[in-house]
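Observations on the three-dimensional arrangement
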Amino acid sequence: MLTSTTLKDRPREFLAATGLPHEACARVLPAYAAASAALSPPDKTFAGTVRQRQVGGGATGVWLQPADTVLFLLG
């Protein structure tokens, strides 16, 4: 599985996977992380109700870092 940490030091492969250089992706990342945190707060579900479990309880997601999500969206 491609992750942002494995492609960070490989500029040609990063460009082939996303179509953008790493610097352009790094500029998009802070805005995406802020928007993602605002749209899905950790204490609320997608529907907007209070979660039954605390943060970290239950199954973990595949993409743990926002950079991996941005890599997937750009790819």
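The text that follows walks through the structure, step by step, so that each part is easy to find. (Residues numbered from 1 in each chain as written. Predicted model: local features only at pLDDT ≥ 70, side-chain atom pairs only at ≥ 80, totals over all residues. Heavy atoms only, no water.)

**Digging into the overall build of the protein**
- Regarding its fold elements, the protein presents four helices and zero strands.
- Starting at the N terminus, the α and β elements of the protein follow one another as α-α-α-α.
- C-alpha extents for the protein along the principal axes are approximately 45 × 25 × 15 Å.
- Buried positions account for 16% of the 75 residues belonging to the protein. (Helix = DSSP H or I, 4+ residues; strand = E, 2+ residues; numbered from the N terminus. Buried < 20%, exposed > 50% of the residue type's maximum accessible area, 1.4 Å probe, protein only.)

**Notes on the pattern of salt bridges**
- Tallying each qualifying case throughout the model produces one salt bridge.
- In this structure, Glu13 and Arg10 form a salt bridge, with 3.4 Å as the shortest nitrogen-oxygen distance.
- Judged by its relative accessible area of 43%, Arg10 is partly exposed. (Salt bridge = Lys/Arg side-chain N within 4 Å of Asp/Glu carboxyl O.)

**Considering the environment of Asp43**
- Its place among the elements puts Asp43 in the loop between α3 (22-39) and α4 (66-74).
- Each C-alpha atom of the pair Asp43 and Val55 lies 7.0 Å from the other, and the pair is twelve residues apart in sequence.

**Some words on the nonpolar core**
- With five residues, the main nonpolar core is built from Leu7, Phe14, Cys25, Val70 and Leu71.
- Apart from residues no more than four positions distant in its own chain, Phe14 is found in contact with Leu7, Gly19, Leu20, Pro21, His22, Cys25 and Leu71. (Core = buried A, V, L, I, M, F, W, Y, C linked by side-chain atoms within 4.5 Å. Contact = heavy atoms within 4.5 Å.)

**Looking at the environment of Ala35**
- When you line up the elements, Ala35 lands in helix α3.
- With a relative accessible area of 38%, Ala35 lands in the partly exposed category.
- On a C-alpha basis, the gap between Ala35 and Thr69 in space is 13 Å, while along the polypeptide they are 34 residues apart.

It is worth stressing that arrangement in space is one thing and function is another; only the former is reported here.
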